[in-house]
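# Report on the structure
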Amino acid sequence: MSHLLRGELIKTVTTRTVLGFAVGGVVFAVLNVLVIAVASGTLDKVPEKEEALAGLPILLLLWGLVGAAGEYRHRTAAPAALVGRRDRGVVLSARIVAYALTGLLLGTLTTIVSVGLALPLLSDQPGPDLTSGDIGAVVAGNLVAFVLSAILGAALGALIRSPVLGVVVLLIVNFAVVPLLSGVSESGVNLTPFGAAGILSRMTHNTTLSMVGAGWVLAAWTVAITLVAVIVERRRDLA
């Protein structure tokens, strides 16, 4: 398993895709801080200030999907299974772990940028300052959301096997279906992967679902879809 994981890690960190998403994550982090902490006016409540530290988990979801689905588009999934001489489900599991580890690195990078830029700007805002506990909770929530989103994206990529189709479907769901569902039932949106990730990363606050609850919801979706992806991978032709 270790050689499979090593090989998958090399693939995830040496492609231009990961560099593009790393730059995108940093750019979003900077823009989010500037918009929330500078351009949005007075922030006098802790949840409002926490939002300035928020990440964008959907970027990691898209990255995992594009990368994993690209294995089938470029026909590298079958050679990886043949060379590794392991069950196709094991190869996919190694790939998903590689995306989880790389997702942690990407999440750490963007979180460092957010916190480092936001805290000095938020110090000029009225109301209570963010405590070390508040900052730690936001950082932990961001990292959990990033890692689970990367895993979920990789599992979806293995199921869909088309980067273009996967990206289109996810963007439609995130920017069209979820807002419509939010108008009908906010609690229902919180139980979706998108809603739970938003709560974890503090993009969404003043909800009935806690960060811990959101973590369990996102973890449940991630585990379920990953198991389905591994089972399906074992039963179908990789060619």
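No experiment lies behind these values; they were computed from the predicted model shown. (Residues numbered from 1 in each chain as written. Predicted model: local features only at pLDDT ≥ 70, side-chain atom pairs only at ≥ 80, totals over all residues. Heavy atoms only, no water.)

### Overview of the UniProt feature "transmembrane region" (unreviewed entry) in the chain
Heads up, the condition is: UniProt positions are given in the numbering used here, feature names are shortened, and annotations may be inferred rather than shown by experiment. Only runs of H or I of at least four residues qualify as helices and only runs of E of at least two qualify as strands under DSSP, and these elements are numbered from the N terminus.
Annotation from UniProt places "transmembrane region" (unreviewed entry) at residues 21-40, 52-70, 96-123, 135-157, 164-184 and 211-232. Secondary structure within residues 96-123 divides into 96% helix and 0% strand; the distance between the first and last C-alpha atoms comes to 39 Å. Measuring from the first to the last C-alpha atom of residues 164-184 gives 29 Å, for a span that is 100% helix and 0% strand.

### Looking at the side chain of Ser-114
Cut-off, in case you're wondering: Exposure categories follow from relative accessible area, calculated using a 1.4 Å probe and restricted to protein chains: below 20% of the type maximum is buried, above 50% is exposed, and the middle band is partly exposed. Contact criterion: two residues are considered in contact whenever any of their non-hydrogen atoms come within 4.5 Å of each other.
Relative to the assigned elements, Ser-114 resides in helix α6 (residues 88-122). Of the residues examined, Ser-114 reaches a relative accessible area of 2% and is grouped as buried. Contact partners of Ser-114, with chain neighbours within four places excluded, come to Ala-29, Val-33, Leu-53 and Ala-54.

### Examining the packing of helix α4 (residues 57-73) against helix α7 (residues 132-160)
Relative orientation and spacing of two packed helices are given, respectively, by the angle between their axes and the distance between those axes. Counted only if it meets this: Axis angles are defined between N-to-C directions and span 0 to 180 degrees, where every axis is a line fitted to C-alpha atoms and, for a helix, only to the segment in contact. Oblique is the label for any angle not under 35 degrees, not over 145, and not in the 65 to 115 range, which are roughly parallel, roughly antiparallel and roughly perpendicular in turn. By convention the crossing between two helices is left-handed if the near helix lies anticlockwise of the far one by an angle smaller than a right angle, and right-handed if it lies clockwise. Ten residue types, Ala, Val, Leu, Ile, Met, Phe, Trp, Tyr, Cys and Pro, are classed as nonpolar, four, Asp, Glu, Lys and Arg, as charged, and the remainder, Gly among them, as polar.
Between α4 and α7, the shortest axis-to-axis distance is 6 Å and the interhelical angle comes to 30 degrees. The angle between α4 and α7 falls in the class roughly parallel. In this structure, the crossing between α4 and α7 has a hand that is right-handed. In this structure, α4 uses Pro-57, Leu-60, Leu-61, Trp-63, Gly-64, Leu-65, Ala-68, Ala-69 and Tyr-72 to contact α7, whose residues at the interface are Ala-145, Phe-146, Ser-149, Ala-150, Leu-152, Gly-153, Ala-154, Leu-156, Gly-157, Ala-158 and Ile-160. By residue class, the composition of the contact of α4 with α7 is 16 nonpolar, four polar and no charged.

### What to know about the nonpolar core
The following threshold applies: Definition used in this section: a nonpolar core is a set of buried Ala, Val, Leu, Ile, Met, Phe, Trp, Tyr and Cys residues joined via side-chain atoms within 4.5 Å.
In terms of nonpolar packing, the biggest core is built from 32 residues, with Leu-60, Leu-61, Trp-63, Leu-92, Leu-156 and Leu-170 touching the most fellow members. For this core, the elements supplying multiple residues, two or more each, are α2 (16-39), α4, α6, α7, α8 (163-184) and α11 (211-235). Not counting residues within four places of it along the chain, the set of residues in contact with Leu-60 comprises Gly-103, Leu-106, Phe-146, Ser-149 and Ala-150.

### Concerning the packing of α7 against helix α10 (residues 193-200)
Packing of α7 against α10 leaves a shortest axis separation of 8 Å and a crossing angle of 155 degrees. Considered as vectors, α7 and α10 are oriented roughly antiparallel to each other. Residues Gly-141, Asn-142, Val-144, Ala-145, Ser-149 and Leu-152 of α7 form the contact with α10, whose own contacting residues are Pro-193, Ala-197 and Leu-200. Looking at side-chain class alone, the contact of α7 with α10 contains six nonpolar, three polar and no charged residues.

### Examining the pattern of salt bridges
When their charged atoms lie close together, side chains carrying opposite charge are able to pair. For clarity, the cut-off: Only one rule defines a salt bridge in this text: a Lys or Arg side-chain nitrogen within 4 Å of an Asp or Glu carboxyl oxygen.
Evaluated as defined, the whole model comprises one salt bridge. Two residues, Arg-202 and Glu-50, come together in a salt bridge whose shortest N-O distance is 3.0 Å. Here the residue Arg-202 occupies a position in the loop between α10 and α11, and Glu-50 occupies one in helix α3 (residues 46-51), the gap between them amounting to 152 residues. Under the relative-accessibility criterion, Arg-202 is labelled buried at 11%.

### Some thoughts on a nonpolar patch on the surface
The line we're drawing: Note that patches include only residues with greater than 30% relative accessible area and no salt bridge, and the join distances are 9 Å for like charges and 5 Å for nonpolar side chains (Val, Leu, Ile, Met, Phe, Trp, Tyr). The Shrake-Rupley method, run with a 1.4 Å probe, gives the accessible areas here. Residue values count only the displayed protein chains as cover.
A contiguous nonpolar patch, built from Leu-19, Val-23, Val-27 and Leu-31 and spanning about 360 Å² of accessible area, is present on the exposed surface. Within the secondary structure layout, Val-23 lies in helix α2. With relative accessibility at 47%, the residue Val-23 sits in the partly exposed group.

### Quick look at empty space enclosed by the protein
The line we're drawing: Buriedness for pockets is judged along seven lines, at least five of which must meet protein on both sides within 12 Å for an open set on the 1 Å grid over protein atoms alone, while cavities are sets there where a 1.4 Å probe fits but cannot get out, and lining residues have an atom within 4 Å of a point. Grid points are joined across faces, edges and corners, and a volume is the space filled by probe spheres set on the points.
Scanning the model with the defined rule gives two cavities of 30 Å³ or more in all. In this model, the largest cavity occupies a volume close to 110 Å³. If you go around the largest cavity, you meet 17 residues; those closest to its centre are Gly-25, Leu-59, Leu-60, Thr-110 and Phe-146. Contributions of two or more residues to the lining of the largest cavity are made by α2, α4, α6 and α7. A per-element tally of the lining of the largest cavity places α2 first, with five residues. A breakdown of the residues in the lining of the largest cavity according to their chemical character gives eleven nonpolar, six polar and no charged.

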